[in-house]
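Understanding the architecture of this molecule
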Amino acid sequence: MAGSSEHSVDLSHAMITAPVSAADWLVIAPTLVTILGGTLALMARKNTAAQPKIGMIFLSLLVIVNVGLLMRVLDHGVITMVMGNWLPPFGIAFTADALGASLSLIASIVAWCAGLYGLVTVDGTGRRYGFYPFLLLLLTGVSGAFLTGDIFNLYVWFEVLLISSYGLLVLGNDRAQLDGTVKYGILNLIGTNLFLIATGLLYGNFGTLNMADIAMKVAAMDAGGSVGPLATIAGIYLLAFAMKAAAFPVNFWLPASYHTPNIVVSAVFAGLLTKVGVYALIRIFVLILPGARDYMADVISLIAIATMITGGLGALAQAEVRRLLGYLVIVGIGAMLAGIAVGSTQGIAGSIFYAVHSIIVMTALYMAAGIMKLMGGSYQLRQLGALYGLNPYFGGLFLVLAFAVSGLPPFSGFWPKMMLVEASLVDGRGWLAFAILFSGFLSTLAVGRVWIFAFWRGGAEGTPDGATTVRLAPAPEVTSPALWLPLLLLTGLVIYIGLQPDAMVQLVQRGAEGVIDPSAYVRSVFGEH
Amino acid sequence: MRTIIFRTIAPYLTALMILFSIFVLLRGHNEPGGGFIGGLIAASALAIYGIACGVTSVRRAIRVHPMSLAAFGLLIATLAGLPSLFFKQTFMTTQFITLHAFGTEIDLMTPMLFDLGVYFVVVGAISSIALALEERESD
Amino acid sequence: METGLSVLIGLFFAVSVYLMLSRQLVRILLGIAILGNAVNLLIFTAGRLTRQVPPLIPEHLYTLVEATANPLPQALVLTAIVISFSFFAFLLVLAFRAYQELGTDDANEMRVAEPEDDPLPPQGY
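So, how was this worked out
- Residues numbered from 1 in each chain as written.
- Chains lettered and ligands numbered in written order.
- Predicted model: local features only at pLDDT ≥ 70, side-chain atom pairs only at ≥ 80, totals over all residues.
- Contact = placed C-beta atoms within 7 Å.
- Helix = DSSP H or I, 4+ residues; strand = E, 2+ residues; numbered from the N terminus.
- Nonpolar A, V, L, I, M, F, W, Y, C, P; charged D, E, K, R; others polar.
- UniProt positions renumbered as here; feature names shortened; annotations may be inferred.
- Axes fitted to C-alpha atoms, helices over the stretch in contact; angles between N-to-C directions.
- Left-handed = near helix turned anticlockwise from the far one by under 90°.
- Buried ≥ 20, exposed ≤ 12 C-beta atoms within 10 Å, placed from the backbone.
- Pairing = 2+ DSSP bridges.
- Expected span 1.5 Å × (residues − 1).
- pLDDT = per-residue confidence, 0-100.

Taken together, the 34 residues of chain C in the interface contact 36 residues of chain A. Of all the secondary structure elements, the ones that give two or more residues to the side of chain C that touches chain A are α2 (25–46) and α3 (72–102) of chain C. With 13 residues, α3 of chain C is the largest single contributor of residues to the side of chain C that touches chain A. Within the side of chain C that touches chain A, the residues separate by chemical class into 27 nonpolar, three polar and four charged.

The subject of this paragraph is the UniProt feature "transmembrane region" (unreviewed entry) in chain B. All names here are of chain B. Mapped onto this structure's residue numbering, the UniProt feature "transmembrane region" (unreviewed entry) falls at residues 12–29, 35–55, 67–87 and 116–133. The span residues 67–87 shows a helical share of 62% and a strand share of 0%, and its end C-alpha atoms are spaced 33 Å apart. In residues 116–133, the share of helix is 100% and the share of strand is 0%. The end C-alpha atoms are 26 Å apart.

Taken from the UniProt record, the annotation "domain: Na+/H+ antiporter MnhB subunit-related protein" (unreviewed entry) applies to residues 5–127 of chain B. The span residues 5–127 of chain B is 67% helix and 10% strand, and its two end C-alpha atoms sit 23 Å from each other.

Bringing the packing of helix α14 (residues 345–376) of chain A against helix α19 (residues 481–499) of chain A into the picture now. When two helices pack together, their arrangement is given by the angle between the helix axes and by the axis-to-axis distance. Residue and element names in this part refer to chain A. Orientation of α14 relative to α19, taken along the N-to-C sense of each, is 145°, at an axis distance of 9 Å. Once α14 is placed against α19, the crossing between them reads as left-handed. Counting all contacts with α14, which are made through H357, I360, V361, T363, A364, M367, A368 and I371, the residues of α19 involved are L483, P486, L487, L490, T491, L493, V494 and I497. In terms of residue class, the contact of α14 with α19 is built from 13 nonpolar, three polar and no charged.

Residues and elements named next belong to chain B. Looking at the secondary structure, you find A132 in helix α5 (residues 110–138). We classify A132 as partly exposed; it has 13 C-beta atoms within 10 Å. Sequence separation between A132 and V121 is 11 residues, and the spatial gap between their C-alpha atoms is 16 Å.

Attention shifts here to the pairing of strand β2 (residues 104–109) of chain B. All names here are of chain B. For β2, a buried count of zero out of six residues is recorded, marking the element as mostly open to its surroundings. Across six bridges, strand β1 (residues 96–101) lies against β2 in antiparallel orientation. When the sheet's bridge partners are listed, A101 is paired in β2 with T104. The hairpin formed by β1 and β2 contains two residues between the paired strands, and F102 there has a positive phi angle of roughly 50°.

Here the amide bond leading from P409 of chain A into P410 of chain A is cis, since omega sits at 5°, within 30 degrees of zero. For P410 of chain A, the position within the fold is in the loop between α16 (392–406) and α17 (414–426). The phi angle at M92 of chain B is positive, at roughly 75°, despite the residue not being glycine. Turning to its location among the elements, M92 of chain B is positioned in the loop between α4 (66–79) and β1. Given 24 C-beta atoms within 10 Å, M92 of chain B falls into the buried group. We note that R48 of chain C has phi near 70°; this positive angle belongs to a residue other than glycine. For R48 of chain C, the location among the structural elements is in the loop between α2 and α3.

Further remarks concern the packing of α14 of chain A against α16 of chain A. Residues and elements named next belong to chain A. Two elements in contact, α14 and α16, have axes separated by 10 Å at closest approach and are oriented at 145°. Taken as a pair, α14 and α16 cross one another with a handedness that is left-handed. Contacts between α14 and α16 involve V361, A364, L365, A368 and I371 on the former and, on the latter, F394, F398, L401, A404 and V405. Looking at the contact of α14 with α16 residue by residue, the class counts come to 10 nonpolar, no polar and no charged.

A word on helix α11 (residues 263–288) of chain A. The end-to-end C-alpha distance of α11 of chain A, which contains 26 residues, comes to 37 Å, matching closely the 38 Å that a straight helix rising 1.5 Å per residue would cover. Of all the 26 residues making up α11 of chain A, 26 are buried; the element is thus mostly covered by neighbouring parts of the structure.

A few words now on the confidence of the model for chain B. With 96% of its residues at a pLDDT of 70 or more, chain B has an overall mean of 86. Predicted complex, confidence summary: ipTM 0.92, pTM 0.92.

And the structure:
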């Protein structure tokens with residue numbers, strides 16, 4: 001080490017010699033901030049008064065660095081940082097493009113809201129069990145997955161978010177939670193193992209794990225005209241990420257587990273976890289294996305249709321608000337898969353837009369369900385009632401979210417659905433367009449029924465029309481601003497995106513172009529050649 | 001399990017094993033060894049102490065909760081990647097510093113700090129699992 | 001060599017799938033443990049096998065002098081082993097807790113989160 005200067009070794013073939021500007025550190029800043037915050041909070045686990053402070057400080061920092069990262073990506077295009085100064089593909093690359101950076105920003109906003117909401121719903125025991133550390137470490141995994149440029153590294157971030165999600169899911173330790181966690185845990189672990197299998201096979205074929213490098217090599221191979229073993233690999237990836245994203249035949253873990261934990265944990269999970277799976281599908285099927293995506297487009301389209309229809313029917317069959325919302329998450333996943341099945345710029349842009357919309361609106365809906373429970377004392381549709389009389393503003397707010405989740409104008413769900421329907425019609429997939437619209441109809445029925453029963457009806461089941469039979473005694477913490485501020489913020493975003501979609505449309509178009517034409521992505525990793 | 005011979009020997013054995021784990025940790029600098037195996041050895045030392053003298057005495061001996069130990073390890077492993085920010089290099093780039101003390105050269109580098117972090121993560125995580133299982137056995 | 005290992009990997013996968021299709025949690029967990037090992041072997045084999053040439057650089061040189069065994073799959077496998085080990089430990093404790101609380105290790109009888117007598121949603125006002 002000390003004597004290395006005596007030998008003449010040209011390190012410039014293996015290492016980066018040019019100085020790296022501090023602004024490039026923004027690429028890894030989200031993971032760093034959350035890992036530092038998470039470890040600090042974990043060390044101070046017994047100090048329940050300090051927990052929320054540490055949590056909120058680092059979550060705010062996370063939002064700030066994500067804003068900085070997105071602005072830099074929009075200014076400078078794709079940015080890359082390679083760990084340990086090694087040149088790619090030797091070093092592990094973190095690459096932020098418009099897709100990753102915007103999803104990472106939305107994820108951090110949702111997590112910030114959840115941290116605030118958790119001030120009320122997570123009690124001292126939950127804090128001692130580590131709600132804030134696990135939330136921060138979950139975000140480490142989520143933002144790492146959104147920003148990494150290395151496929152094995154993606155697997156590692158999946159595991160980081162998985163282990164933190166186990167921690168959040170068993171928080172509180174009651175029977176239903178253990179039941180739900182067993183199913184969630186085992187099936188998701190099998191899913192990540194499938195991911196690892198496909199990654200091993202991909203490595204065996206190309207000898208590299210860097211996404212940009214693989215994308216280049218696959219493009220060269222596709223030009224030679226052989227789909228070859230790639231179809232198998234893509235099939236395993238499809239199964240693995242379909243499990244993660246909760247697509248139709250492999251999604252029964254979601255309604256079995258998402259309603260069991262603390263409501264704020266459900267909110268975070270419904271917002272973030274499945275979308276990471278969808279993100280990985282877009283990244284791998286569109287950026288890395290476009291040939292295999294064309295080959296499997298019909299299969300993905302069938303899966304998307306089945307996911308949307310079964311999700312919608314499942315939502316109609318539920319008597320419990322949280323389980324109903326779980327099925328609505330699945331409907332959204334189907335719509336995102338529809339965009340991937342189409343594969344045009346508009347389709348992918350629609351998928352990304354829908355992912356952003358779904359992250360915001362599903363988290364907001366679960367948060368609203370938490371407030372409904374505090375006001376009405378139950379999650380059961382048969383027992384809820386008279387909430388409109390108690391707080392008409394809340395009734396209006398829930399109606400906004402209900403419209404948004406079913407894709408009715410003028411809220412955020414309308415625009416991505418329109419893009420997806422148009423893209424599938426242009427691609428000649430009429431059934432896909434029909435399924436998107438029909439599942440929207442089913443969702444409208446499901447959430448509309450929640451509104452009618454929980455808000456409009458005067459009391460529990462059996463109350464005649466126009467009469468009010470119950471006097472609700474809301475829990476005292478329902479007036480806490482920490483409950484309402486995150487919900488209002490997210491609903492505000494839903495309305496804002498619905499009324500002013502232009503900026504968002506441009507952003508997702510840019511994200512979609514960035515994955516469909518990987519040249520900018522590859523150039524950012526390997527430099528100008 | 002708690003024979004008198006075992007209970008007498010266990011504290012010495014534990015001390016010896018922890019010393020050896022630190023040796024393995026530092027040896028990993030240039031030769032086979034390192035934080036992971038070192039941590040495993042230290043965790044098994046704590047587990048042996050737990051079997052011999054009870055879980056409560058282990059918890060008293062290490063003062064902090066094992067999970068906090070793991071978190072501390074993760075923290076310093078992450079911090080080990082940060083110094084390169086000040087040298088205009090990328091995250092996790094190795095930084096060297098050579099100290100002259102007691103008449104010899106001592107090479108210090110950031111991967112060692114990282115390895116120390118790994119050591120604590122492994123000690124914390126493994127011993128928290130081991131202690132939890134041992135606790136369950138006794139009741 | 002690769003062919004032999006491929007057969008072995010296939011065997012591992014078959015055993016793990018068989019075990020995972022079982023209803024007992026313990027068997028499912030054993031299946032997952034075997035699945036993890038199958039995946040590790042697969043990655044190891046995917047990196048091509050080279051015998052008796054360790055990837056070591058002689059002391060006076062800075063590059064490899066001959067084609068050696070590929071060290072990267074071993075690093076990947078090591079990572080995967082550590083991860084799957086910790087997950088297995090967690091799931092084992094979780095399954096034990098679930099067995100204690102729910103009184104069963106049969107996946108079909110675990111209906112606490114989704115009770116069988118769950119009411120239908122209200123059909124009308």
